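Topology and contacts: notes
Okay, here's what each chain looks like letter by letter:
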Amino acid sequence: QVRLVVPMAVVFAPGSVPGDLRKPLPFRDVQEMEISVNLRTSVTSRYEMRYRSTTAQEEAALAAATAREADAALYPLQDTTLGSLTMYVVPDTSSLLPQGINVYVGKHRSALVRAGGSLAALQARLREVTQVMSFTASSIAAALSDRVPDGQLSPDARRNLKSSLGYEITFSLLNPDPKSHTVDWDIEGAVNRFVKPVLDKLSLVANFSVDSQILYYAVLGVTPRYDKESSSFFLSAHSLPHVINPVEARLGSSAASLYPVLNFLLYVPERSHSPLYIQDKDGAPVSTNAFHSPRWGGIMVYNVEAPASPQASLPLHVDVDMARVMEVFLAQLRLLFGLSREEVPPEFLLESPGNEGLADWELDHLLWAHTVENIATVSTTLTSLAQLLDKIGNIVIKDDVASEVYRAVASVQSAVTELSLGHLLAAFQASKEAVTSSERAFFDPSLLHLLYFPDDQKFAIYIPLFLPMAVPILLSLAKIVRETRLRKKEPTKMD
């Protein structure tokens with residue numbers, strides 16, 4: 001049984017303390033909630049809340065002109081431990097929050113919350129904030145999607161990438177018509193400028209490697225529909241799944257990869273199919289002219305402006321606007337990691353994470369989900385291994401395999417303990433070690449079940465070999481026994 005403990009500080013600014021507060025400040029409170037996964041599995045979430053008043057430094061920081069400035073000033077004063085949250089309660093009349101906004105979620109692990117008058121209203125608001133900033137029942141269900149009955153999963157639950165020790169990201173430029181277009185893209189500069197800050201932040205979660213390639217004469221495999229009114233070509237939503245398979249055969253990146261590969265494709269349409277636009281389910285053009293595929297990656301169509309004169313020399317030189325392209329690819333990367341911000345209530349204002357691509361609390365959101373998923377993966381792997389060893393009675397388990405199993409069990413127990421203490425980083429690292437050890441034990445070459453034959457197979461193999469030899473031997477033995485008995489019955493001659 002897994003218990004997720006979130007250490008949480010609720011800090012009251014002057015004039016924001018509810019009148020019906022049960023105890024004088026400071027005091028502690030605990031809120032528990034059970035997240036049911038299936039009939040046998042449930043996860044308990046526990047918020048350990050510490051209520052207190054602001055310090056003089058925090059009051060000075062909250063006197064800033066805007067919520068963004070206050071968030072930046074409060075950051076050095078708060079607990080920055082992974083998984084922890086700090087809620088600053090401000091009076092209803094505070095000018096820090098814009099009109100109609102009750103909650104401001106910053107870039108780090110804190111939020112500004114309007115008092116709301118009564119304690120019940122404040123607690124309801126705090127509950128909403130914690131759901132956004134830590135984990136929700138749906139995010140835990142998505143992490144344990146293999147154990148959740150299909151009918152109970154949301155459509156997006158299987159979109160997120162499975163937890164892994166590493167990921168490989170491949171950026172591919174597809175130029176199906178190099179006779180008409182010479183395409184230049186500064187992919188190295190774009191990766192350093194836009195992708196590297198995001199991956200540096202995500203380095204706690206997994207190891208990342210990035211590569212790029214240019215593929216010529218690589219077509220989508222689906223003929224777009226021509227629209228006379230707009231003189232444009234369109235790819236409809238139902239044809240998009242058929243685009244990926246022909247292209248994936250050319251990518252070749254996942255063939256020798258140990259880790260999941262994320263493919264981001266920039267497609268420059270051939271001259272005979274330009275301009276090319278992607279339509280959504282309602283038939284309207286997609287603003288980004290891109291689409292993503294769950295657990296696979298995304299494709300963006302980059303249209304080239306037609307030459308001013310028909311006599312323009314070919315091939316046309318195209319410089320790709322990498323800022324526009326990377327904006328789309330990074331949004332798709334966030335979607336693949338389950339960091340979408342679409343489910344936020346309307347009265348919430350979320351600060352943009354800036355160049356880093358994700359806020360500190362979003363990183364925590366990812367760590368919570370991956371830790372729970374890792375614990376479930378280890379449990380499944382070790383159970384499968386135990387069932388395999390039970391089936392084969394004469395299997396030989398080497399000492400190094402046994403030590404990996406012991407290490408996996410110890411690490412997963414440590415991860416569960418650290419989660420119950422509210423130590424998210426230590427729990428995540430222990431869960432990663434448990435996954436590594438359990439996978440090493442499960443895939444050890446000495447445990448290959450094909451090396452060990454069941455008894456019925458042994459009989460089937462050896463009987464045809466030994467039976468022909470055994471027949472004359474058995475007949476001879478029977479003859480010897482019979483002659484011995486006859487000799488004993490004959491009377492002995494007496495001189």
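Residues numbered from 1 in each chain as written. Predicted model: local features only at pLDDT ≥ 70, side-chain atom pairs only at ≥ 80, totals over all residues. Heavy atoms only, no water.

**What to know about the overall build of the protein chain**
Rules: Secondary structure elements are taken from DSSP: a helix is a run of H or I of four residues or more, a strand is a run of E of two residues or more, and numbering for both begins at the N terminus. Both definitions apply: the radius of gyration is a C-alpha atom measure, and the globule rule equals 2.2 Å times residues to the power 0.38. Note on exposure labels: buried denotes an accessible area under 20% of the residue type's maximum, exposed denotes more than 50%, and partly exposed covers the range between, all computed with a 1.4 Å probe on protein chains only. Should any heavy atoms of two residues lie within 4.5 Å, those residues are considered in contact. Residue-level accessible areas treat just the shown protein chains as cover; the underlying method is Shrake-Rupley with a 1.4 Å probe. Charged-residue counts in this description rest on Lys and Arg as positive and Asp and Glu as negative, His and the chain ends being excluded. Here the site of a charge means NZ on Lys, CZ on Arg, CG on Asp, or CD on Glu.
The secondary structure content of the protein chain amounts to eleven helices and 17 strands. For the protein chain, whose C-alpha radius of gyration is 33 Å, the value lies well above the compact-globule estimate of 23 Å for 495 residues. Its C-alpha atoms put the protein chain at 140 × 80 × 35 Å along the principal axes. The buried share of the protein chain, taken over its 495 residues, is 46%. At a minimum sequence separation of 6, the contacts of the protein chain that also span at least 24 residues come to 75%. Only carbon and sulfur atoms are counted for the fraction: they give 56% of the accessible area of the protein chain, which is about 26,200 Å². Looking at charge distribution, the protein chain has the averaged site of its 44 positive side-chain charges lying 10 Å from that of its 54 negative ones.

**Topic: the UniProt feature "transmembrane region" (unreviewed entry) in the protein chain**
The condition that has to hold: UniProt positions are given in the numbering used here, feature names are shortened, and annotations may be inferred rather than shown by experiment.
When the UniProt feature table is mapped onto this chain, "transmembrane region" (unreviewed entry) is found at residues 459-481. Split by type, residues 459-481 is 100% helix and 0% strand. Its first and last C-alpha atoms lie 28 Å apart.

**Quick look at the pairing of strand S6 (residues 110-114)**
What counts, and what does not: Note: two strands are recorded as paired if DSSP finds a minimum of 2 bridges between them.
In terms of residue burial, S6 counts as a mostly covered element, since five of its five residues are buried. Burial along S6 is two-sided: the face carrying Ser110, Leu112 and Arg114 and the face carrying Ala111 and Val113 are both buried. Looking at chain direction, strand S4 (residues 85-90) and S6 are connected through five bridges and run parallel. Its bridge partner being in S6, Val89 is matched across the sheet by Val113. In the sheet, strand S5 (residues 103-105) pairs with S6 via three bridges, with the strands oriented antiparallel. Note on S6: the bridge partner recorded for Tyr104 is Leu112. A loop of four residues connects S5 with S6, the two strands running antiparallel in sequence.

**Focus on the sheet that holds strand S12 (residues 261-267)**
Which entries qualify depends on this criterion: Axes here refer to lines fitted to C-alpha atoms; in helices the fit is confined to the stretch in contact. Angles between the N-to-C directions go from 0 to 180 degrees.
Read across the open sheet, the five strands follow the order S9-S7-S12-S15-S14; overall the sheet is mixed. Only two strands of the sheet have a single neighbouring strand rather than two, namely strand S9 (207-216) and strand S14 (290-293). Between one strand and the next, the sheet's axes are offset by a mean angle of 15°, whatever the strand orientation. The strands touched by helix H5 (residues 187-202) are strand S7 (166-175) and S9; relative to S9, the strand with the most contacts, the crossing angle is about 155°.

**A closer look at the side chain of Glu404**
Note the cut-off: Under this definition, polar contacts are N or O atom pairs within 3.5 Å; protein pairs additionally need one hydrogen-donor-capable and one acceptor-capable atom, and for neighbouring residues in sequence, both atoms have to be side-chain atoms.
With respect to the helices and strands, Glu404 occurs in helix H9 (residues 399-421). A distance of 3.3 Å separates the side chain of Glu404 from the side chain of Ser437, its partner in a polar contact.

**Focus: the domain arrangement of the protein chain**
The cut-off we apply is this: Boundaries between domains were set according to an automatic or database domain assignment.
Split into domains, the protein chain comes out as domain 1 (2-143), domain 2 (166-337), domain 3 (360-450) and domain 4 (453-494). For domain 2 versus domain 4, the distance between C-alpha centres works out to 77 Å.

**A closer look at H5**
Counted only if it meets this: By definition, a residue's bend is the angle between the axes fitted to the seven residues ending there and the seven starting there.
Along its length, H5 reaches its greatest deviation from straightness, about 50°, at Val195, and the proline Pro197 lies no more than four positions downstream. Buried within H5 are the following residues: Ile187, Ala190, Val191, Phe194, Val195, Pro197, Val198, Leu199, Lys201 and Leu202. Structurally, H5 contributes buried residues whose contacts are with S7, S9, helix H7 (322-336) and helix H8 (360-391).

**Examining a nonpolar patch on the surface**
Quick reminder of the rule: Patch criteria: residues need more than 30% relative accessible area and no salt bridge. Like-charged residues are merged within 9 Å; nonpolar side chains of Val, Leu, Ile, Met, Phe, Trp and Tyr are merged within 5 Å. Should a side-chain nitrogen of Lys or Arg be within 4 Å of a carboxyl oxygen of Asp or Glu, the pair is scored as a salt bridge.
A cluster of nonpolar side chains, namely Ile461, Tyr462, Leu465, Phe466, Met469, Ile473, Leu474, Leu477 and Ile480, defines an oily patch on the protein surface of about 940 Å² accessible area. As for its placement among the helices and strands, Ile461 is situated in helix H11 (residues 455-489).

**Description of the sheet that holds S5**
Strand pairing in a sheet relies on backbone hydrogen bonds. The paired strands run either parallel or antiparallel. Read across the open sheet, the seven strands follow the order S2-S3-S1-S4-S6-S5-S17; overall the sheet is mixed. Of all the strands in the sheet, the pair left with one neighbour each is strand S2 (27-36) and strand S17 (348-350). Between one strand and the next, the sheet's axes are offset by a mean angle of 20°, whatever the strand orientation.

**Quick notes on the packing of H8 against H9**
Test applied: Handedness of a crossing is defined here by the sense of rotation of the near helix relative to the far one, left-handed for an anticlockwise turn of less than a right angle and right-handed for a clockwise turn. Any residue outside Ala, Val, Leu, Ile, Met, Phe, Trp, Tyr, Cys, Pro, Asp, Glu, Lys and Arg is labelled polar, Gly included; the first ten of those are nonpolar and the last four are charged.
Following both chains from N to C, one finds H8 and H9 inclined at 150°, their axes separated by 11 Å at the closest point. Along this stretch, H8 crosses H9, giving a crossing that reads as left-handed. Contact residues: H8 offers Trp368, Thr371, Ile375, Val378, Leu382 and Leu385, while H9 offers Val405, Ala408, Val409, Val412, Ala415, Val416 and Leu419. A class-by-class count of the residues in the contact of H8 with H9 yields twelve nonpolar, one polar and no charged.

**Quick look at the packing of aromatic side chains**
Any aromatic ring pair is given by two values, namely how distant the centres are and how the planes are angled relative to each other. As a reminder, the rule being used: Stacked, tilted and edge-to-face are the three classes applied to pairs of Phe, Tyr and Trp rings, where Trp contributes its six-membered ring and a pair requires centres within 6.5 Å; stacked means planes under 30 degrees apart, edge-to-face means over 60, and tilted covers the rest.
Under the defined criterion, the tally for this structure stands at 14 aromatic pairs. Both rings, one in Phe171 and one in Phe329, keep their centres 5.9 Å apart while their planes meet at 40°; by these two values the pair is tilted. On the criterion of sequence distance, the pair formed by Phe171 in strand S7 and Phe329 in helix H7 is long-range, its members being 158 residues apart. In terms of burial, Phe171 and Phe329 fall into one category: buried. Put simply, the rings of Phe12, Phe27 and Tyr51 pair up and form one aromatic cluster.

**So, the pattern of salt bridges**
Across all of its chains, the model carries 13 salt bridges by this definition. For Arg334, the salt bridge is made with Glu362, and the minimal N-O distance between the two is 2.6 Å. Note that Arg334 is positioned in helix H7 and Glu362 in helix H8, a separation of 28 residues in sequence. An identical accessibility class is assigned to Arg334 and Glu362; each is buried. Its salt-bridge partner being Arg407, residue Glu404 comes within 2.9 Å of it at the nearest N-O pair. Of this pair, Glu404 and Arg407 both sit in helix H9, three residues apart, roughly one helical turn. Overall, the relative accessible area of 12% leaves Glu404 in the buried class. Judged by its relative accessible area of 41%, Arg407 falls in the partly exposed class. Here the residues in one salt-bridge network are Arg3, Glu32, Arg46 and Glu48, joined through shared partners.

**Focus on the pairing of strand S3 (residues 42-53)**
Both faces of the sheet carry side chains from a regular strand, because those side chains alternate between them. The element S3 is extensively covered by neighbouring structure, given that nine of its twelve residues are classed as buried. As judged from the eleven bridges shared by strand S1 (residues 2-12) and S3, these two strands associate in the parallel manner. In the strand pairing of S3, Leu4 is matched with Ser45. Connecting S2 to the next strand, S3, in antiparallel fashion are five residues.

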